[in-house]
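Close look at the chain arrangement
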Amino acid sequence: MEDIQQAMDELLADNPEFTFFETCAEMVKKGELNYDALEDPGVHTFLYQLFSRAKVRGQLGRLNQDI
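Please read these numbers as outputs of a predicted model, since none were measured by experiment.

1. Focus on the overall build of the chain
Within the chain, the regular secondary structure consists of 3 helices and 0 strands. Its helices and strands taken in sequence order, the chain reads α-α-α from the N to the C terminus. Counting all 67 residues of the chain, 27% fall into the buried class. Taking the intrachain contacts of the chain between residues at least 6 apart in sequence as the baseline, contacts between residues at least 24 apart amount to 62%. Element-wise, carbon and sulfur atoms account for 52% of the exposed surface of the chain, whose accessible area totals about 4,700 Å².

Shown next, in the form of structure tokens:
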């Protein structure tokens, strides 16, 4: 779980405008996520929670740079 959270944090720090689906697509492309696992509602929900945290961190990082 921590590896996935860290990967999302890094991805969204570089691209804070990414949507959940864009983030998952990039992570599948890099081999960090299994595409078939995304169809499981429990996994989807869990990943969305991780995405939400990473999105907030990415936005805060961008805000701090803009100030």
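Okay, back to it.
2. Re helix H1 (residues 2-14)
Given 3.6 residues per turn, any residue in an α-helix points the same way as the ones three and four places further on. Look at H1: 18 Å from first C-alpha to last across 13 residues, which is about the 18 Å you get at 1.5 Å a residue. Along H1, the residues that are buried comprise Gln5, Ala7, Met8, Leu11 and Leu12. All buried residues of H1 fall inside an arc of 165° around its axis, so they share one side. Away from its buried face, by an angle of more than 90 degrees, H1 presents the exposed residues Glu2, Asp3, Ala13 and Asp14.

3. A few points about the packing of aromatic side chains
Counted according to the given criterion, the structure contains 4 aromatic pairs. Ring geometry for Phe20 against Phe51: centres 5.5 Å apart, planes inclined by 70°, an arrangement best described as edge-to-face. Here Phe20 is found in helix H2 (residues 20-30), whereas its partner Phe51 is found in helix H3 (residues 41-66), with 31 residues between them in sequence. Each member of the pair, Phe20 as well as Phe51, is classed as buried. Of the aromatic side chains, those joined through ring pairs into one cluster are Phe20, Phe21, Tyr48 and Phe51.

Cut-offs and rules
- Residues numbered from 1 in each chain as written.
- Predicted model: local features only at pLDDT ≥ 70, side-chain atom pairs only at ≥ 80, totals over all residues.
- Heavy atoms only, no water.
- Helix = DSSP H or I, 4+ residues; strand = E, 2+ residues; numbered from the N terminus.
- Buried < 20%, exposed > 50% of the residue type's maximum accessible area, 1.4 Å probe, protein only.
- Contact = heavy atoms within 4.5 Å.
- Areas by Shrake-Rupley, 256 points an atom, 1.4 Å probe, with all protein chains shown as cover.
- Expected span 1.5 Å × (residues − 1).
- Arc of directions from axis to C-beta.
- Phe/Tyr/Trp six-rings, centres within 6.5 Å; stacked < 30°, edge-to-face > 60°.

Worth remembering: the numbers are spatial, not functional.
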